[in-house]
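Topology and contacts: notes
Spelled out, the chains give:
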Amino acid sequence: MTRIPHESSGEPNPLQALTLDRLRQRTSMKWRTYPEDVLPLWVAEMDVPLAEPVVRAVTDALHLGDTGYPAGTAYAEALAAFAGKRWGWDGLAVERTALVPDVMLGVVEMLGLVTGPGDTVIVNPPVYPPFYQFVEHMGRRVAEAPLGADGRLDLDVLEEAFRRAVTDRRRAAHLLCSPHNPTGTVHTAAELSAVAALAERYGVRVVADEIHSPLVLGGTGFVPYLSVPGAERGLSLMSASKGWNLAGLKAALAIAGPGAAADLERMPEEVGHGAGHVAVIAHTAALRDGLIWLDALLAGLDAKRRLLADLLAEHLPGIRYRPGDATYLAWLDCRALGLGDDPADVFLRRGRVALSSGLPFGTGGTGHARLNLATPDEVLTKAVRAMAAALH
Ligand SMILES: Cc1ncc(COP(=O)(O)O)c(C=O)c1O
């Protein structure tokens, strides 16, 4: 496991680089969905400037007019090298990867390869709401296997969900969120091996959404699902989009384990045409040359989690917050505040702070809200104070 050498790099903390005035000039969803007087700490966009190598690569491409269709395997090669360096995983075979437009469309493609209409897809709520929306939109049934009270996978509950899903000889898939959004849980090698063993026992196919994998704190290793024994028939989705804030530059990679290569080959290559060529250039530059920036970001997020915990202890001690080891999301248990099922609604109406409602995260979301802490200290501090003021 690579420890983060942030202090020696001299790279400034990207989370402290922008002012609120400057951020309000942005035109993306985070900044334009709510009126100007609302502090937006909801959708997973970060309030950071881009890593310089990414800016350079994209600027060079624009100057060259290199804005055609994507070609080649540079993105996959950069990801394979990154995986080797960061996670000590040398098993990412470029020939078992495919370009996809983004992670969620990649998830849909992978689920389409291993399940049929009416089959079940198991998810672990509380979980990223589009897992429900996309799965239902593609004509699959969502079944829940909730996380345990400790915020970790509950293997007994998962086994029962697998058992039910494959009755009547139906095919089924487990859509695993790793690391987990919204709790920031990093699944251990033992947990992932247990998932793989259960999946094999019941004939369930695992599709791992590993979009948050670059965002694991130093000292807590990310374990790629496909790296654990027994996961050979698994499929994974990875992308630089969360780690380097590139959601507006659409691209992601689907990765097959050795036992899933034939499945991935059935995906039409044309699916990859939905990824942007400039996006592929940006993601490739991030993975290849954006590690110093990423380490500075991770150090900044570590400090941000501590700041949030301190602010909540001081102003909103009724909120339960268990800092996760990954992502820039904080899952807030607000049930003790007596704000009803949807505290985010109260914080928005009375506090002018936009969080993500916990309700669409499925079972376990009631009385919870998700806060995006990838924002300058100034904004986070103002937001928590405004949330506290909303209670009076
Ligand atoms: C777990 C998870 N998967 C997928 C996405 C969306 O990724 P993309 O924009 O590449 O579809 C997000 C965005 O926040 C996410 O948290």
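In short, a report on the structure.

Calculation rules
Residues numbered from 1 in each chain as written. Predicted model: local features only at pLDDT ≥ 70, side-chain atom pairs only at ≥ 80, totals over all residues. Heavy atoms only, no water. Helix = DSSP H or I, 4+ residues; strand = E, 2+ residues; numbered from the N terminus. Rg over C-alpha atoms; globule rule 2.2 N^0.38 Å. Buried < 20%, exposed > 50% of the residue type's maximum accessible area, 1.4 Å probe, protein only. Contact = heavy atoms within 4.5 Å. Areas by Shrake-Rupley, 256 points an atom, 1.4 Å probe, with all protein chains shown as cover. Lys, Arg positive; Asp, Glu negative; His and termini not counted. Charge placed at Lys NZ, Arg CZ, Asp CG, Glu CD. Expected span 1.5 Å × (residues − 1). Arc of directions from axis to C-beta. Pairing = 2+ DSSP bridges. Axes fitted to C-alpha atoms, helices over the stretch in contact; angles between N-to-C directions. Salt bridge = Lys/Arg side-chain N within 4 Å of Asp/Glu carboxyl O. Phe/Tyr/Trp six-rings, centres within 6.5 Å; stacked < 30°, edge-to-face > 60°.

Let us now look at the overall build of the protein. When its secondary structure is counted, the protein shows 14 helices and 13 strands. In summary, the protein has a C-alpha radius of gyration of 20 Å against a globular reference of 21 Å for 392 residues, a match within 12%. Across its three principal directions, the C-alpha atoms of the protein cover 55 × 55 × 35 Å. Looking at the protein as a whole, 58% of its 392 residues are labelled buried. The contacts in the protein between residues at least 6 apart in sequence include a share of 75% that link residues at least 24 apart. Accessible area for the protein stands at about 15900 Å²; split by element, carbon and sulfur atoms hold 52% of it. If you average the places of the 37 positive and of the 45 negative side-chain charges in the protein, the two averages end up 3 Å apart.

In this model helix 9 (residues 189-202) runs 20 Å from its N-terminal to its C-terminal C-alpha over 14 residues, within 8% of the 20 Å that 1.5 Å per residue would give. Of all the positions in helix 9, only Glu-191, Leu-192, Val-195, Ala-196, Leu-198, Ala-199 and Tyr-202 are classed as buried. Here the buried residues of helix 9 occupy an arc of 165° about the axis, which is enough to place them on one side. Those residues of helix 9 that are exposed and aimed more than 90 degrees away from the buried face are Ala-190 and Arg-201.

Read across the sheet, 7 strands follow the order 2-8-7-6-5-3-4 without closing on themselves; strand pairing throughout is mixed. Of all the strands in the sheet, the pair left with one neighbour each is strand 2 (97-100) and strand 4 (141-144). Looking at each pair of strands side by side, their axes are set apart by 25° on average, direction ignored. The pairing of strand 3 (residues 120-123) with strand 5 (residues 172-177) spans 3 bridges and is classified as parallel. Paired with Thr-120 across the bridge in strand 5 is Ala-172. The sheet contacts of helix 6 (residues 103-114) involve strand 2, strand 3, strand 5, strand 6 (205-209), strand 7 (235-238) and strand 8 (252-256), and relative to strand 7 the element is tilted by about 170°. Across the face of the sheet, helix 7 (residues 130-137) comes into contact with strand 3, strand 4, strand 5 and strand 6 while running at roughly 145° to strand 4.

Next up on the list: the pattern of salt bridges. Applying the stated criterion to the full structure yields 19 salt bridges. Among the salt bridges present, the one from Asp-263 reaches Arg-266, with a minimum N-O distance of 2.7 Å. Overall, the relative accessible area of 13% leaves Asp-263 in the buried class. Two residues, Arg-320 and Asp-333, come together in a salt bridge whose shortest N-O distance is 3.7 Å.

On to the packing of aromatic side chains. Tallied over the full model, the rule gives 6 aromatic pairs. Relative to Phe-361, the ring of Trp-331 has its centre 5.1 Å away and its plane inclined at 50°; by these criteria the two rings are tilted. Here Phe-361 lies in the loop between strand 12 (356-357) and strand 13 (368-372) and Trp-331 lies in strand 10 (residues 329-333), a separation of 30 residues in the sequence. Note on accessibility: Trp-331 and Phe-361 belong to one class, buried.

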